[in-house]
Amino acid sequence: VDELLQRFEMQWTTIINRFNTSLEADRVVCATMADWEYRQASLNWNLPLVATFTDDELKAVAVHELVHVLTAPIWESIPTGRTRDNLFRLNELATENVSRVLLALL
């Protein structure tokens, strides 16, 4: 993640990596919690799942999560409820699309 922060010139963002052995969702490799107003975020990595990924796959996940960090103010401005639930998949699609463009540029 630190290498990616440098490549993207995002050193102004503080990222804390946390490594967990038991996240609630078994298929979630990493969950991001952003304190965007302070330009800080924590990436909560699911170690049992991380161990099954290649380096390239982990890089893709890290880029995806960094895009979540960048877009957190927009996502978090949507009130919880039905509208937010409906937009969840669109948010993930947009995040993944931007992530793939960034990965292609690395």
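Scroll up to find the structure this text is about.
Quick look at the structure, then. (Residues numbered from 1 in each chain as written. Predicted model: local features only at pLDDT ≥ 70, side-chain atom pairs only at ≥ 80, totals over all residues. Heavy atoms only, no water.)

The helix and strand inventory of the chain stands at four helices and three strands. Order of helices (α) and strands (β) in the chain, N terminus to C terminus: α-β-β-β-α-α-α. On C-alpha atoms alone, the chain measures out to a radius of gyration of 14 Å, which is about the 13 Å that the 2.2 N^0.38 rule sets for 106 residues. Viewed in the frame of its principal axes, the chain has a C-alpha envelope of about 35 × 30 × 25 Å. Burial statistics for the chain: of 106 residues in total, 31% are counted as buried. (Helix = DSSP H or I, 4+ residues; strand = E, 2+ residues; numbered from the N terminus. Rg over C-alpha atoms; globule rule 2.2 N^0.38 Å. Buried < 20%, exposed > 50% of the residue type's maximum accessible area, 1.4 Å probe, protein only.)

A side chain with one charge can pair with a side chain of the opposite charge if their charged atoms come near. The tally for this structure, following the rule as stated, stands at one salt bridge. Glu96 is paired through a salt bridge with Arg100; the nearest N and O atoms lie 3.0 Å apart. Taken together, the residues Glu96 and Arg100, both in helix H4 (residues 82-105) and four residues apart, mark about one turn of the helix. (Salt bridge = Lys/Arg side-chain N within 4 Å of Asp/Glu carboxyl O.)

A word on a nonpolar patch on the surface. Together, Leu87, Leu90 and Leu93 make up an exposed nonpolar region whose accessible area comes to about 260 Å². By the element assignment, Leu87 lies in helix H4. With a relative accessible area of 30%, Leu87 lands in the partly exposed category. (Patch = residues over 30% accessible without salt bridge, like charges linked within 9 Å, V, L, I, M, F, W, Y side chains within 5 Å. Areas by Shrake-Rupley, 256 points an atom, 1.4 Å probe, with all protein chains shown as cover.)

Picture the strands of a sheet paired through backbone hydrogen bonds; they go either parallel or antiparallel. Ordered by their spatial adjacency, three strands build an open sheet running S1-S3-S2, and the pairing between neighbours is mixed. The two strands at the open ends of the sheet, each matched to only one other strand, are strand S1 (14-20) and strand S2 (30-35). Across the sheet, the axes of successive neighbouring strands diverge by a mean angle of 20 degrees, strand direction being ignored. Two elements, S2 and strand S3 (residues 40-46), share six bridges in a ladder whose sense is antiparallel. Bridge pairing in S3 places Ala34 opposite Ala41. Across the sheet, helix H3 (residues 55-76) lies against S1, S2 and S3, angled at about 35 degrees from S2, the strand it touches most. (Pairing = 2+ DSSP bridges. Axes fitted to C-alpha atoms, helices over the stretch in contact; angles between N-to-C directions. Contact = heavy atoms within 4.5 Å.)

Turning our attention to the side chain of Ser42. Turning to its location among the elements, Ser42 is positioned in strand S3. Side-chain polar atoms of Ser42 contact the side chain of Arg18, separated by 3.3 Å. With sequence-adjacent residues up to four places away left out, Ser42 is seen in contact with Ile16, Arg18, Ala31, Thr32 and Met33. (Polar contact = N/O pair within 3.5 Å; in protein donor to acceptor, adjacent residues only side chain to side chain.)

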